[in-house]
Amino acid sequence: SKSNGQLLHVPIKFLDDILRNEAKSSDKSIFDENSFEIIETTLDGKRWFSATFIHPFSNEKFESGKGRELGIEKKDGATMKVAIYDSPVEFSNDRVYYPSTKLAKNAAVAR
């Protein structure tokens, strides 16, 4: 909805809210250690991360991709420090890599 559109700036939080509502479980996050597969690589001496999100209900997999600007107003506390679309990325072996696991996970969930 328009009033909560800013939550799209934190895809994990946004999707977790939706999935908890679907599961009728408001007390605990849907995401756990089995929700993501992380691939780490080193490029030019720097660590980079790519993530695959595994949907908890369908087991469908989504790889992190390059984010794009949303055109939705940002609000304090409802955005990540670095937006997915502003983050530097590296492309290697048909994957998109981010400088942190947090960005990689959110990019995978955003797909």
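Residues numbered from 1 in each chain as written. Predicted model: local features only at pLDDT ≥ 70, side-chain atom pairs only at ≥ 80, totals over all residues. Heavy atoms only, no water.

J.: Help me get a handle on the sheet that holds strand β1 (residues 36-43), residues and values and all.
T.: Spatially, 3 strands are ordered β1-β2-β3 in an open sheet, and the strand pairing comes out antiparallel. Both outer strands of the open sheet, β1 and β3 (61-63), are each paired with one neighbouring strand and no more. Across this sheet, the average inter-strand angle for adjacent strands is 25°, counted without regard to direction. In this sheet, β3 lies alongside strand β2 (residues 46-54) in antiparallel orientation, the contact comprising 3 bridges. If you follow threonine 52 over to β3, its bridge partner there is glutamate 63. Where helix α2 (residues 101-110) meets the sheet, its contacts fall on β1, β2 and β3, and the angle it forms with β2 comes to roughly 35°. (Pairing = 2+ DSSP bridges. Helix = DSSP H or I, 4+ residues; strand = E, 2+ residues; numbered from the N terminus. Axes fitted to C-alpha atoms, helices over the stretch in contact; angles between N-to-C directions. Contact = heavy atoms within 4.5 Å.)

J.: Can you break down the nonpolar core residue by residue, with the values?
T.: Grouped together as the largest cluster of nonpolar side chains are 16 residues, with contacts concentrated most on Leu15, Phe31, Phe36, Phe53, Tyr98, Ala104 and Val109. Breaking this core down by element, the ones donating at least two residues are α1 (11-22), β2 and α2. (Core = buried A, V, L, I, M, F, W, Y, C linked by side-chain atoms within 4.5 Å. Buried < 20%, exposed > 50% of the residue type's maximum accessible area, 1.4 Å probe, protein only.)

J.: Mind laying out the pattern of salt bridges, listing which residues take part and the relevant values?
T.: Pairing is possible between side chains of opposite charge, provided their charged atoms come close. Here the structure, examined in full by the defined rule, presents 3 salt bridges. With its nearest N and O atoms 3.1 Å apart, the salt bridge here joins lysine 61 to glutamate 37. Of this pair, lysine 61 sits in strand β3 while glutamate 37 sits in strand β1, and the two are 24 residues apart along the sequence. The class for glutamate 37 is partly exposed, based on a relative accessible area of 35%. (Salt bridge = Lys/Arg side-chain N within 4 Å of Asp/Glu carboxyl O.)

J.: Requested: an account of unusual backbone geometry, with residues and values cited.
T.: Positive phi, close to 65°, is recorded for asparagine 59, a residue that is not glycine. As for its position among the elements, asparagine 59 is in the loop between β2 and β3. At asparagine 93, a position not held by glycine, the phi torsion is positive, near 50°. Residue placement: asparagine 93 occurs in the loop between β4 (90-92) and β5 (95-97).

J.: Please give an account of the pairing of β1 that cites residues and values.
T.: Strand direction decides the pairing type here: β1 and β2, joined by 8 bridges, are antiparallel. Bridge pairing in β2 places glutamate 37 opposite threonine 52. Counting the residues between successive antiparallel strands, the hairpin from β1 to β2 contains 2 residues, one of them, aspartate 44, with a positive phi of roughly 50°.

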